[in-house]
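Chain by chain, the residues run as shown.
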Amino acid sequence: MWLDGRGWLRVLGHWRYDLRRPSFTRTWSGYKGPMAETVSTQVGTEGGLRASHQQNGDAGGDARVEPSPGPPKPAGREVEPAPVGGEHPSAAAPGPGKHKKRRGATRERVVPPPKKRRTGVSFGDEHFAETSYYFEGGLRKVRPYYFDFRTYCKGRWVGHSLLHVFSTEFRAQPLAYYEAAVRAGRLQLNEKPVQDLNIVLKDNDFLRNTVHRHEPPVTAEPIRLLAENEDVVVVDKPSSIPVHPCGRFRHNTVIFILGKEHQLKELHPLHRLDRLTSGVLMFAKTAAVSERIHEQVRDRQLEKEYVCRVEGEFPTEEVTCKEPILVVSYKVGVCRVDPRGKPCETVFQRLSYNGQSSVVRCRPLTGRTHQIRVHLQFLGHPILNDPIYNSVAWGPSRGRGGYIPKTNEELLRDLVAEHQAKQSLDVLDLCEGDLSPGLTDSTAPSSELGKDDLEELAAAAQKMEEVAEAAPQELDTIALASEKAVETDVMNQETDPLCAECRLVRQDPLPQDLVMFLHALRYKGPGFEYFSPMPAWAQDDWQKD
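An unreviewed UniProt entry lists the chain under the name Pseudouridylate synthase RPUSD2, with Pan troglodytes as the source organism. One UniProt comment on the chain, placed under Sequence similarities (unreviewed entry), says "Belongs to the pseudouridine synthase RluA family."

Structure representation (structure tokens):
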């Protein structure tokens, strides 16, 4: 029994169960058409199968999780196009009167789709060895490294040239960069170097783009293990570290740090914390444990408790906020109270007040994105150092009572402009390449080079790669290589002639700037309860510097 790429649960050979329709379908030789025999058998477990399928496909909130597809496997069976780009698999289903093509009926390339992998489970030693950490100024930093972005051709790209795709969807770099990358051998199509960006893409084409990758620094505070048994791993996550790879973060994530430094691998995240939120974070060691606890989450059997420090004097009595929350932008990761939003509920209780700010216990009864932060903003007591919901971009009242004197587009523009000026776009999980021309600060220094400069750099990059390929690769030679040569090789990866990021000089954030005063204090469920120590900023006598 297995789940195929189009939402079918295959059972006992040719029998398949459609997760979208309550019926079993029997087919011959993979053909579905007039010869297919359909037995309309109602199945009572459809709801459970559908819920499980949707849960496995949920990345949690609006987190943008980095995919990790492997290289294509040799074609030897009929396959269906991989669902990519967020499109539902049913979008590729044949319409009325259309038949699915028989295997071998055409001479088009057939490439198996990438396997769908659970976040965290698919990372192993070969991924952890891509680069290394170093520590500087209270920050954990990742040495720049080469990385292959891999993807199958999306449906909307079919029939278009690579030049068109890069100019319309990958605008982080000018077209001159991609032309230089072609000359340097950085772009591959179906595992062969691209010779011309005018090549037209076909269905199931496999693209590989080698880039020089830089990751933002995070706090050097270690990840402490709170508990570990045969079922789960529980850690105290520091602020500023994402749970799993997303956006510009890969090695500077909890999943990678646990794998590289604690040899804890193939973990299943049971819940997620925002990158700036610290505290209790749970992982399952097996898929069975993961499914069991996710079922408890769906049945509302788990209790979560947070603590935060907010602006002003919070009321002494218990406060319950039931305002609905709407996602303004999944890309930027911003929400607001809005009648069109999803229902949610949070219970607040003040713990202390030091004359300027209050420590508040928070119990979210639902799990919307940024729920605690948005509800506190609505109540007029935003988290003291919340870089999004305590920003002047929301207007003079900073969103109190849901009053925001600007459109969603104006709000996003102002938030991006504020963090772009502070060189803190990472707070919004953005980089310069994610910005549309209307949001880009025209006064900011540009890292782009002219076409002539890129041509010169492309030649240099190509020469470097030719030298690397000509180097001896025998195992005994590698084994006898001196330590100095190894260090030189690592240093060679830290700079790249085509990398725009290498030409930028960014000011490191201060460690205290990476901490937001929101902490997951307790996580409780049937048969378990885990606590994290109260952070220093939550102490009664704490004073702002």
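### Quick notes on the side chain of Arg-140
Structurally, the position occupied by Arg-140 is in strand 7 (residues 139-142). Excluding its chain neighbours within four sequence positions, the residues that come into contact with Arg-140 are Tyr-133, Tyr-134, Phe-135, Pro-217, Val-218, Thr-219, Ala-220, Asn-252, Ile-257 and Glu-261.

### Some details on the nonpolar core
By size, the foremost hydrophobic cluster in this structure holds 64 residues, and its most contacted members are Leu-258, Phe-283, Cys-308, Val-334, Phe-348, Leu-376 and Trp-394. With five residues, the single largest contributor to this core is helix 5 (residues 254-261). For Val-334, the contacting residues outside a window of four places in its chain are Val-327, Val-328, Ser-329, Ile-388, Tyr-389, Trp-394, Leu-412 and Leu-415. Counting 18 residues, the second-largest nonpolar core is a separate cluster that includes Ala-180, Val-182, Ala-184 and Leu-201.

### Quick notes on the UniProt feature "active site" (unreviewed entry) in the chain
UniProt records the feature "active site" (unreviewed entry) at Asp-274, using the numbering of this structure. Along the polypeptide, Asp-274 turns up in the loop between strand 15 (268-269) and strand 16 (278-284). Taking the relative accessible area as the measure of exposure, Asp-274 reaches 15% and is therefore buried. Not counting the four nearest positions on each side in its chain, Asp-274 is found in contact with Lys-237, His-370 and Arg-373.

### Overview of the pairing of strand 17 (residues 303-311)
Two elements, strand 17 and strand 23 (residues 518-525), share six bridges in a ladder whose sense is antiparallel. Considered in strand 23, the bridge of Glu-305 is made with Arg-522. Pairing geometry for strand 17 and strand 22 (residues 357-364), over six bridges, is antiparallel. Bridging from a neighbouring strand, Arg-309 pairs with Val-359 of strand 22.

### Brief notes about unusual backbone geometry
Its identity as a non-glycine residue notwithstanding, Ser-240 has a phi of 90 degrees, on the positive side. A positive phi is found at Arg-300, a non-glycine position, where the angle reads about 60 degrees. Along the chain, Arg-300 turns up in the loop between helix 6 (287-298) and strand 17. Its relative accessible area of 61% is what places Arg-300 among the exposed residues.

### Notes on the state of the cysteines
A full pass over the atoms with the stated rule returns zero disulfides. Free cysteine: Cys-344, not disulfide-bonded; nearest cysteine sulfur from Cys-321 at 7.3 Å. For Cys-344, a relative accessible area of 4% corresponds to the buried category. As a non-bridged cysteine, Cys-362 has Cys-308 as the owner of its nearest cysteine sulfur, 3.5 Å distant.

### What to know about the pattern of salt bridges
What the rule picks out here adds up to 27 salt bridges. Glu-261 serves as the salt-bridge partner of Arg-140, at 2.7 Å between the closest nitrogen and oxygen. Separated by 121 residues along the polypeptide, Arg-140 in strand 7 and Glu-261 in helix 5 bring together distant segments of the chain. Looking at Glu-261, the relative accessible area reads 35%, which means it is partly exposed.

### Observations regarding the sheet that holds strand 7
In spatial order, the strands read 6-7-12; together these three strands make up an open sheet with antiparallel pairing. What marks the edges here is a single partner per strand, and that holds for strand 6 (133-136) and strand 12 (218-219). Bridge analysis of strand 7 against strand 12 gives two bridges, and the strand direction is antiparallel. Bridging from a neighbouring strand, Leu-139 pairs with Thr-219 of strand 12. Across the sheet, helix 5 touches strand 6 and strand 7, and the angle it forms with strand 6 is around 105 degrees.

### Details of the side chain of Asn-354
Tracing the chain through its elements places Asn-354 in the loop between strand 21 (346-353) and strand 22. Of the polar contacts made by the side chain of Asn-354, one reaches the backbone nitrogen of Ser-357; its length is 2.8 Å. Side-chain polar atoms of Asn-354 contact the backbone oxygen of Trp-542, separated by 2.8 Å. Discounting residues that sit within four places of it in the chain, Asn-354 has contacts with Arg-309, Asp-540, Trp-542 and Gln-543.

Calculation rules
- Residues numbered from 1 in each chain as written.
- Predicted model: local features only at pLDDT ≥ 70, side-chain atom pairs only at ≥ 80, totals over all residues.
- Heavy atoms only, no water.
- UniProt positions renumbered as here; feature names shortened; annotations may be inferred.
- Helix = DSSP H or I, 4+ residues; strand = E, 2+ residues; numbered from the N terminus.
- Contact = heavy atoms within 4.5 Å.
- Core = buried A, V, L, I, M, F, W, Y, C linked by side-chain atoms within 4.5 Å.
- Buried < 20%, exposed > 50% of the residue type's maximum accessible area, 1.4 Å probe, protein only.
- Pairing = 2+ DSSP bridges.
- Disulfide = S-S within 2.5 Å.
- Salt bridge = Lys/Arg side-chain N within 4 Å of Asp/Glu carboxyl O.
- Axes fitted to C-alpha atoms, helices over the stretch in contact; angles between N-to-C directions.
- Polar contact = N/O pair within 3.5 Å; in protein donor to acceptor, adjacent residues only side chain to side chain.

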